[in-house]
Amino acid sequence: MTVAAPARRITPPRPPRRRRRSAAGWLYATPTALFVLLLFILPLLVVGKMSVSNWPLLGGDLGINAPVNYQKAVLNRFFWDSVGFTVKYTVLATILLIVLGLGLALLVQQSTRWKSVLRVAFLVPSALGLASASLLFYVLYSPFAGPFAHLLAGTGFSFLGTPDAALGSTLFLIVWRYAGFYMLLMLVGLQNIPDDVYEAARIDGAGPLQTFRGITLPLLRPTLALTTVLCVTGSLLAFDQFYILTKGGPDNSTITVVQLIYSVAFQGQNDLGIAGALSVIVLAALVIINIGQIRAFRGRSEV
Amino acid sequence: MSTATTRRSRPLGVRGIAVRTPYWVFTTALAVLFLYPLVWTGVSSVSPHPGTNQVNGWGFGNYITLGNYQAGVWVYILNTVIVSGLTVLLTLVVSTLGGYAFARFRFVGRNALFLLTLAILMVPYATVLIPLYVILTRVGLQNTLLGVALVLTMFQLPFSTFMMRISFEAVPREMDEAAMVDGCTSFSALWRVLLPAVKPGLITVGLFAFLASWNDFFAPLILITDSRLQTLPLAVANLRGQVQGVVDYGATEAGVVVLALPCVVLFLILQRHYVRGFLSGAFKG
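Residues numbered from 1 in each chain as written. Chains lettered and ligands numbered in written order. Predicted model: local features only at pLDDT ≥ 70, side-chain atom pairs only at ≥ 80, totals over all residues.

Caption draft 1: Examining the overall build of chain B more closely. Of regular secondary structure, chain B possesses 12 helices and 0 strands. The secondary structure elements of chain B, listed N-terminal to C-terminal, are α-α-α-α-α-α-α-α-α-α-α-α. The 285 residues of chain B split such that 44% are buried. Expressed as a percentage of contacts within chain B between residues at least 6 apart in sequence, the contacts between residues at least 24 apart total 75%. (Helix = DSSP H or I, 4+ residues; strand = E, 2+ residues; numbered from the N terminus. Buried ≥ 20, exposed ≤ 12 C-beta atoms within 10 Å, placed from the backbone. Contact = placed C-beta atoms within 7 Å.)

Caption draft 2: Molecular detail of the overall build of chain A. A count of helical and extended segments in chain A gives 13 helices and 0 strands. Secondary structure of chain A in N-to-C order comes out as α-α-α-α-α-α-α-α-α-α-α-α-α. A globule of 303 residues ought to have a C-alpha radius of gyration of about 19 Å, yet chain A, at 24 Å, is considerably larger. Reported as C-alpha extents along the three principal axes, the dimensions of chain A are approximately 80 × 70 × 35 Å. The burial tally for chain A puts 39% of its 303 residues in the buried class. Residue pairs in contact within chain A that sit at least 24 positions apart in sequence constitute 71% of those at least 6 positions apart. (Rg over C-alpha atoms; globule rule 2.2 N^0.38 Å.)

Caption draft 3: Expanded view of the environment of A:V280. Residue and element names in this part refer to chain A. Turning to its location among the elements, V280 is positioned in helix α13 (residues 272-302). Each C-alpha atom, one on V280 and one on L236, is 14 Å from the other, the two residues being 44 residues apart in sequence. Among all residues touching V280, those that are not within four sequence positions of it are V47, G48 and S51.

Caption draft 4: Looking closely at the packing of helix α7 (residues 173-181) of chain B against helix α8 (residues 186-197) of chain B. All names here are of chain B. Closest axis-to-axis distance for the α7/α8 pair is 9 Å, and the angle between their directions is 145°. Here the hand of the crossing between α7 and α8 comes out right-handed. Of the residues in α8, those touching α7 at M175, D176, A179 and M180 are S186, A189, V193, L194 and A197. Partitioned by chemical class, the residues of the contact of α7 with α8 number 7 nonpolar, 1 polar and 1 charged. (Axes fitted to C-alpha atoms, helices over the stretch in contact; angles between N-to-C directions. Left-handed = near helix turned anticlockwise from the far one by under 90°. Nonpolar A, V, L, I, M, F, W, Y, C, P; charged D, E, K, R; others polar.)

Caption draft 5: Layout of the domain arrangement of chain B. Residue and element names in this part refer to chain B. One can read the domain layout of chain B as domain 1 (11-62) and domain 2 (63-282). If you average the C-alpha positions of domain 1 and of domain 2, the two centres end up 32 Å apart. At the junction of the two partners, domain 1 supplies 12 residues and domain 2 supplies 13 residues. At the level of elements, α1 (14-44) and α2 (61-67) are the ones that each hand at least two residues to the side of domain 1 that touches domain 2. At 4 residues, α1 tops the list of elements feeding residues into the side of domain 1 that touches domain 2. Class assignment of the residues belonging to the side of domain 1 that touches domain 2 gives a composition of 2 nonpolar, 10 polar and no charged. (Domains from an automatic or database assignment.)

Caption draft 6: Representation of the interface of chain A and chain B. The interface of chain A with chain B comprises 79 residues on the first partner and 79 residues on the second. Broken down by secondary-structure element, the contributors of at least two residues to the side of chain A that touches chain B are α1 (15-51), α4 (113-123), α5 (130-140), α7 (163-191), α10 (221-236), α11 (240-246), α12 (257-266) and α13 of chain A. Residue contributions to the side of chain A that touches chain B peak at 20 residues, all from α1(A).

Caption draft 7: Spotlight on α4(A). Restricting attention to buried positions, one finds in α4(A) the residues A:L118, A:R119, A:F122 and A:L123. Mapping the buried residues of α4(A) onto a view down its axis gives an arc of 130°, with all of them on the same face. (Arc of directions from axis to C-beta.)

Caption draft 8: Summary view of the nonpolar core. One finds A:I261 and B:V151 to be the most contacted residues of the largest nonpolar core, which totals 157 residues. Filtering out sequence-adjacent residues up to four positions away, A:I261 remains in contact with A:A275, A:L278, A:S279 and B:A126. (Core = buried A, V, L, I, M, F, W, Y, C linked by C-beta atoms within 7 Å.)

Caption draft 9: Main features of α8(B). Residue and element names in this part refer to chain B. Given a rise of 1.5 Å per residue, 12 residues ought to cover 16 Å, and the 15 Å separating the end C-alpha atoms of α8 matches this to within 8%. Among the residues of α8, those classed as buried are S186, A189, L190 and L194. Down the axis, α8 shows its buried residues gathered within 95° of arc, on one side only. Opposite the buried face of α8, at more than 90 degrees from it, the exposed residues are R192 and P196. (Expected span 1.5 Å × (residues − 1).)

Caption draft 10: Representation of the packing of helix α8 (residues 195-203) of chain A against helix α9 (residues 208-219) of chain A in the model. Residues and elements named next belong to chain A. The contact between α8 and α9 brings their axes to 11 Å, and the two run at 145°. Relative to α9, α8 is oriented so that their crossing is right-handed. Residues V197, Y198 and A201 of α8 pack against T211, G214 and I215 of α9. Residue composition of the contact of α8 with α9, by class: 4 nonpolar, 2 polar and no charged.

Caption draft 11: Representation of unusual backbone geometry in the model. The phi dihedral of A:N270 is positive, around 50°, even though this residue is not glycine. With respect to the element layout, A:N270 can be found in the loop between α12 and α13. Positive phi, normally seen in glycine, also occurs at B:N143, with a value near 65°. You can see B:N143 is positioned in the loop between α5 (125-138) and α6 (145-169). The class of B:N143 is partly exposed, set by 15 C-beta atoms lying within 10 Å.

Caption draft 12: Spotlight on the confidence of the model for chain A. Residues and elements named next belong to chain A. Across chain A, the average pLDDT comes to 85, with 91% of residues at or above 70. Within chain A, helix α3 (residues 79-107) carries the highest mean pLDDT (95), whereas helix α6 (residues 149-152) carries the lowest (74). Across residues 1-9, confidence stays below pLDDT 50; counting only partners more than four residues off in sequence or on other chains, it has 7 contacts. (pLDDT = per-residue confidence, 0-100.)

Caption draft 13: View of the environment of B:H49. With respect to the helices and strands, B:H49 occurs in the loop between α1 and α2. Separated by 201 residues in the primary sequence, B:H49 and B:G250 place their C-alpha atoms 7.6 Å from one another.

Caption draft 14: View of the confidence of the model for chain B. All names here are of chain B. Summarising the model, chain B shows a mean pLDDT of 84, and 87% of its residues fall at 70 or more. Model confidence for chain B, summarised as mean pLDDT per element, is weakest for α2 at 77 and strongest for helix α3 (residues 73-104) at 94. Low pLDDT, under 50, characterises residues 1-9; the stretch is placed with 15 contacts to residues that sit more than four places away or in other chains. Per-residue pLDDT stays below 50 along residues 281-285; that stretch engages in 12 contacts with residues further than four places along the chain or on separate chains.

So this is what it looks like as structure tokens:
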């Protein structure tokens, strides 16, 4: 997504007027600046300080102890497990949502009445919060109250019983909740492909598959880049769904990085220093991954 | 929609119907798959089930359990309404003024501030919330609904500022310039002339802010420690483990319905506008 710069430049006004407009501009931007400064920049500075300080939850800042927190963070017995699980989850969720989002978009692209109905049906779950959706599926997957409970009673299978089943069930919840939203983003992208390009392909005798591979996919690249970055970022930071649905289980197999940060900070260990170090590591990883993704998508479009 | 006109529905022959039937079956199945969990939850929240407060016959027993949960569900609904109301209001005010500034004025640091606002999207929730817990504690806003609303507003700013900026940029400059020539100040030009013109943007921003703040789980989980100040998602999530360690699935279903209903209704009312807002080119890549 490129941020459109103002299309027209105003003709350079006389200096006094420009100064006044500049002052007025700042006046209107002040609330935004205050929010960004006090609730975003300041916390980032504090978390940096936190990560190099001995800082228990209740004791407050007890002074610099770098780099102990980073060492303890990496040596945490769930650190590598949670990194591995989060990456696995992110790859699966991203592939599923991009493929299914695009598939649904192609399915409902033309506007007929039935397709509008379908669009709304796919989009309704995205009105729910992730926490509400997780609670809903918590009941749905329950071996006692769920609609499949009596079917599964004899089989010994349960939706959240094994690590693989728990991951699969959570992925289903995520697809259910987000597929419509990704469909909408894909529709916006598809709409930006001019009709005459398709027309030209049809005249040249291209089949549907050729058209899809030769035209739709390449011209959809900006949208695919945006949706991939969004999906990867969102999935790497997954918390609600696992906190509510699996509680990190079974056997601590579904602990994500953000869950680890939360539990180090507020559950048991109560160590904001180590949580801060973990947060800084996640932030750095996310920035690197996103820069890498943007580079990759740009690089390919130049070829 | 530009693609809308490319394919018109023609009258179907027998062959057409034969070809289209699998399509209808498939798409209907998909629609059912997406709607089923919602419908099932709504139905089973009022249907009889052992181990809940609705054992015999249909009725609202589960909602009564929910209503009597701890401080009473009304307290949690009120908390959530306060948080969402404040978040929507703050988001609308801040992003309207900010969007106006970015779209219509040139000032020192304009691009830097805009990019910093967008950068909020790139930073993990947890990375900012843990220091925010410390900062808000220092200024006495930790464990308050206002504190939660301020934090949620900050998380809304990247989307809402971007949305309001492009909304203002889509309005012809001549409109407010004419107003200014007629003696309006820049503020009255905004208030009287531009605000009506960016109403679709305001609705989208407001809807997003409402849905996000009504449903948010992580910010209240970290910032709210007093159980009387819990928001609804937090209360329903905690409710599961409360009744003698046994999960009351019926009350949880009722909680999900109370959580989901306003969002689904609001979405259905505004969906035409919302889907069109997206598709009308607000997000040209």
